[in-house]
Amino acid sequence: MTLPRCLPYVLKQVTRHRVRSLLTVAGIAIAMFLFTVVQAMSEGVGEATSASANETTLVVYRKDRYCPATSQLPQDYQRRIESVEGVVSATPTKVVVSNCRTSLDVVTYRGVPKDAFLRDRGDALEIVAGSVADWQRRTDAALVGETLANRRALRPGMTFDAAGITVYVAGVFRSDDPQDQNVAFTSLEFVQLAGRDQLGIVTQFEVKVADASLLEDVAASIDETFATAQEPTATFTKQAFVGRIASDLIELVGFARWLGLGCLAAVLALVGNSILLSVQSRVSEHAVLQTLGFSGRLVTALIVAEGILLAIVGGAVGASAALAVAHIGSFALSVEGTSIPIIADPALLLTGLVVCGVIGVVAGLFPAWQASRREIAACFRTA
Amino acid sequence: MTLIECRELTREYRKGGSVIRPLDGLDLDVDRGEFLSLMGPSGSGKTTLLNLIAGIDSPTSGRLLVDGTDLAALTRSRLAAWRSEHVGYVFQLYNLVPVLTAYENVELPLLLHPLSRRERHERVVSALGRVGLDDRDSHYPRQLSGGQEQRVAIARAIVTNPAILVADEPTGDLDKASAHAVMSLLQELNSELGKTIIMVTHDPATTAYSSRTLHLDKGRLAEANESREVPA
């Protein structure tokens, strides 16, 4: 009960050396900015590659191909795929990307048969601006994912150009599927005609299966059907497909987790250094507090509270800035038509604050323990 | 009535390879309400005795009873609580917390007690009024003179209403006028509030304010004097 009464004292101590505290907070904020960005990328990887129990979608791709430009399958595979037992529907999709490299700003067109697309996927898309009717009416119309629309500041009625294809924005939609959020759906024929000799050629098929338990069997059956064809297929669950295409990216994000841990180590060092300097310069002051009757435990708690305060303020600034940038920028790491969204989840702020709180405790504990265990009289003799 | 009882009180500590014994088998009784001055050359054990009585140091051997409590038998946390209840310490260099105002410095020891904000306020105002600094409550230590700082330190020492005040050369860093004001204040606290005061001093003039003066030499009592006339 004593500690809350002493918090104004803690606050005054933290602001005692303003420049030192500001530099410490700035360092923590930068480190926590990076940590939060890494966490946001990791969340994106998790969301893009984790299969849910009721997932019933397969992606049929050209065997031994890893990018939309080289995965070319005859559109008439659709009938044969739909004849495989357990398949509900197969949607031929032509994927065109503005940039084959890994980038934060790739525009991905997905050409789909409009009626079939709306029948199979219409319920999963929430139109937040514009209209589906407009999209159906115009050949060059696109339904744009919210992430892409925000990043490019696209609104219904506008036209935009990417990868040499100019489209009219008929609507903006929101989807739970991170792959949908960063694409523009257009008419299949429109995208095919935009490329040379591409009519009748698609990049992939998105296959709906009757039941999640059938996914493996259906995938094997499809690949067996085309095993001896000129264009053999490789069929994956949607998440496995993302994991395969974006494996380099996922590996990179995995490595970035070490960077995140490095950021936490930097925060620990910054807070620890600041608290240590502060404690060393206040040896006699802590002795005075103990002379007044402050127990060693309370002195420890006050010093640790300083560490927590510094870490949490820096963490809050850094994590909030990272989330704001991620939210405003609507970034997604894209490679070969698949997207790993950078998710600005507010829960990351809470995670950051908790992590900073723990770091504040760890960083402050040793100097605080030292300060509380010193002999009071010896402190005055030394001073 | 004896408030402080020291028997065969010894304090040793190691410095480098040698053992230093600032107090060596000292016997002393201090009555309740007494104003005792301790004098003696540097290293004679005055401050060590003061620290032992204040509970911020522990004897190596011997017995120290303060108001019937054997301080050596208390744990660190109980000793801290005891200090908070029973002792006010006045330092030579004031030792105010520089980031806190005079008001906040005086309030600091009260944070350890289960008092409401209003109760704390009343006590702080009363203590600052007692030392004549109620108009300086929002000043920081750097904005006060040495004498004013010492009076804030005295207010901090008395705000919890302890029975004992210990003062380690309270006028050692002050000019003559400020020293007189501080000593008059201590004498007032002794005579009006009945505080038992034990003061270490190098200045013979200040002993005139006390009721008894003891001289220490090599960790033992050398002689005792009754107080002299208080200088004008």
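Because the structure is a prediction, the values reported are computed rather than measured. (Residues numbered from 1 in each chain as written. Chains lettered and ligands numbered in written order. Predicted model: local features only at pLDDT ≥ 70, side-chain atom pairs only at ≥ 80, totals over all residues. Heavy atoms only, no water.)

(A) A nonpolar patch on the surface, seen in detail. All names here are of chain A. Together, L268, L350, V354, V358, V361, V362 and L365 make up a nonpolar patch on the protein surface, roughly 580 Å² of accessible area in all. Per element, the largest residue contribution to the nonpolar patch is six residues, and it comes from helix α14 (residues 347-373). Relative to the helices and strands, L365 is located in helix α14. L365 sits in the partly exposed class, given a relative accessible area of 42%. (Patch = residues over 30% accessible without salt bridge, like charges linked within 9 Å, V, L, I, M, F, W, Y side chains within 5 Å. Areas by Shrake-Rupley, 256 points an atom, 1.4 Å probe, with all protein chains shown as cover. Salt bridge = Lys/Arg side-chain N within 4 Å of Asp/Glu carboxyl O. Helix = DSSP H or I, 4+ residues; strand = E, 2+ residues; numbered from the N terminus. Buried < 20%, exposed > 50% of the residue type's maximum accessible area, 1.4 Å probe, protein only.)

(B) The packing of aromatic side chains, seen in detail. Residues and elements named next belong to chain A. If you walk through the whole model with that rule in mind, you get ten aromatic pairs over all chains. Ring plane angle 20° and centroid distance 3.9 Å describe the contact between Y77 and F226, whose orientation is recorded as stacked. On the criterion of sequence distance, the pair formed by Y77 in helix α3 (residues 77-82) and F226 in the loop between α9 (215-225) and β12 (233-237) is long-range, its members being 149 residues apart. Residue class for F226 comes out buried when judged on its relative accessible area of 0%. Ring centres of Y109 and F160 lie 6.2 Å apart, and the angle between their planes is 20°; this geometry places the pair in the stacked category. With Y109 in strand β4 (residues 108-112) and F160 in strand β7 (residues 159-162), this pair connects stretches of sequence that are 51 residues apart. Accessibility assignment for this pair places Y109 and F160 in one class, buried. By way of ring pairs, the aromatic residues F117, W135, F173 and F185 are connected into one cluster. (Phe/Tyr/Trp six-rings, centres within 6.5 Å; stacked < 30°, edge-to-face > 60°.)

(C) A look at the interface of chain A and chain B. Facing 25 residues of chain A, the contacting portion of chain B comprises 28 residues. When chain A packs against chain B, close to 2300 Å² is buried across both sides, 62% of that on carbon and sulfur atoms. The three residues of chain A that bury the most area against chain B are R5, K12 and L292 of chain A, which together make up 28% of that side's buried surface. Taken together, the links from chain A to chain B amount to two salt bridges. With a closest N to O distance of 3.4 Å, R11 of chain B and E375 of chain A form a salt bridge. Taken together, the links from chain A to chain B amount to eight residue pairs in polar contact (both at pLDDT 80 or more). Of all the elements in the fold, those that place two or more residues in the side of chain A that touches chain B are α1 (2-14), α12 (283-292), α14 and α15 (376-382) of chain A. Taken together, the residues that form the side of chain A that touches chain B break down as ten nonpolar, seven polar and eight charged. (Contact = heavy atoms within 4.5 Å. Buried area = accessible area lost by both parts, 1.4 Å probe. Polar contact = N/O pair within 3.5 Å; in protein donor to acceptor, adjacent residues only side chain to side chain. Nonpolar A, V, L, I, M, F, W, Y, C, P; charged D, E, K, R; others polar.)

(D) Up close: the domain arrangement of chain A. All names here are of chain A. Domain parsing of chain A yields domain 1 (2-48 + 250-382) and domain 2 (65-231). Each of domain 1 and domain 2 has a C-alpha centre, and the two are 45 Å apart. Between domain 1 and domain 2, roughly 1400 Å² of surface is buried when both sides are summed, and carbon and sulfur atoms account for 51% of that area. Summed over the shared surface of domain 1 and domain 2, the number is zero salt bridges. Our count for the contact surface shared by domain 1 and domain 2 stands at zero residue pairs in polar contact (both at pLDDT 80 or more). For the side of domain 1 that touches domain 2, the secondary-structure elements that each account for two or more residues are α2 (18-49), β13 (332-335) and β14 (338-341). The element contributing the most residues to the side of domain 1 that touches domain 2 is β13, with four residues. Looking at the side of domain 1 that touches domain 2 residue by residue, the class counts come to seven nonpolar, six polar and two charged. (Domains from an automatic or database assignment.)

(E) Layout of the environment of N150 of chain A. Along the chain, N150 of chain A turns up in helix α6 (residues 146-152). Put simply, N150 of chain A and D176 of chain A are 26 residues apart on the chain and 16 Å apart in space, counted from C-alpha to C-alpha.

(F) Layout of unusual backbone geometry. Phi is positive for D64 of chain A, close to 60°, though the residue is something other than glycine. Its place among the elements puts D64 of chain A in the loop between β1 (57-62) and β2 (73-74). Notably, K218 of chain B is not glycine yet its phi reads approximately 50°, a positive angle. The topology assignment puts K218 of chain B in the loop between β9 (212-217) and β10 (220-226). Taking relative accessible area as the criterion, K218 of chain B reaches 67% and is therefore assigned exposed.

(G) Spotlight on the sheet that holds strand β2 (residues 18-31) of chain B. Spatially, β2-β1-β4-β5 (chain B) is the arrangement adopted by the four strands of the open sheet, whose pairing is antiparallel. Sheet topology places β2 and β5 (69-70) of chain B at the edges, where each strand pairs with a single neighbour. (Pairing = 2+ DSSP bridges.)

(H) Structural detail: the environment of G337 of chain A. Residue and element names in this part refer to chain A. Position of G337 among the secondary structure elements: in the loop between β13 and β14. Distance in space between the C-alpha atoms of G337 and D140 is 20 Å, their sequence separation being 197 residues. Not counting chain neighbours up to four residues away, the residues in contact with G337 comprise P68, V95, V97, T108, R110 and Q179.

(I) Structural detail: the nonpolar core. Counting residues in hydrophobic clusters, the biggest one holds 72 residues, and the most contacted among them are F294 of chain A together with I4, L49, L64, L108, V166 and I198 of chain B. For I4 of chain B, the residues in contact, after removing those within four places along its chain, are L28, D29, V30, I53, L64, L65, V66, I164 and I198 of chain B. If you look at the next biggest cluster of nonpolar residues, it comprises 34 residues, including F35, I154, A155 and A157 of chain B. (Core = buried A, V, L, I, M, F, W, Y, C linked by side-chain atoms within 4.5 Å.)

(J) Molecular detail of the pattern of salt bridges. If you walk through the whole model with that rule in mind, you get 27 salt bridges over all chains. E104 of chain B is the salt-bridge partner of K12 of chain A, the closest N and O atoms lying 2.8 Å from each other. Here E104 of chain B lies in helix α3 (residues 102-107) and K12 of chain A lies in helix α1, a pairing that spans two chains. The exposure class of E104 of chain B is partly exposed, given its relative accessible area of 23%. Put simply, R121 of chain A and D180 of chain A hold a salt bridge, and the shortest N to O gap is 2.1 Å. Separated by 59 residues along the polypeptide, R121 of chain A in helix α4 (residues 114-121) and D180 of chain A in helix α7 (residues 178-181) bring together distant segments of the chain.

(K) Spatial organisation of the state of the cysteines. Evaluation of the coordinates by the stated rule reveals zero disulfides over all chains. Not engaged in a disulfide, the cysteine C263 of chain A finds its nearest cysteine sulfur in C356 of chain A; these two sulfurs lie 11 Å apart. (Disulfide = S-S within 2.5 Å.)

(L) Highlighting helix α1 (residues 46-54) of chain B. Residue and element names in this part refer to chain B. Counting buried positions along α1 yields eight of nine residues, so the element is predominantly enclosed. Those residues of α1 that fall on the buried side of the exposure criterion are K46, T48, L49, L50, N51, L52, I53 and A54. Remark: G55 follows α1 within two positions and exhibits a positive phi of approximately 75°.

(M) Highlighting the pairing of β4 of chain A. Residues and elements named next belong to chain A. Taking burial as the measure, the five residues of β4 include five buried ones, the bulk of the element. Side chains T108, R110 and V112 of β4 all project onto a buried face; the interleaved residues Y109 and G111 project onto the opposite face, where all are buried too. Here four bridges tie strand β3 (residues 87-97) to β4, and the two strands are oriented antiparallel to one another. Paired with K94 across the two strands is G111, which belongs to β4.

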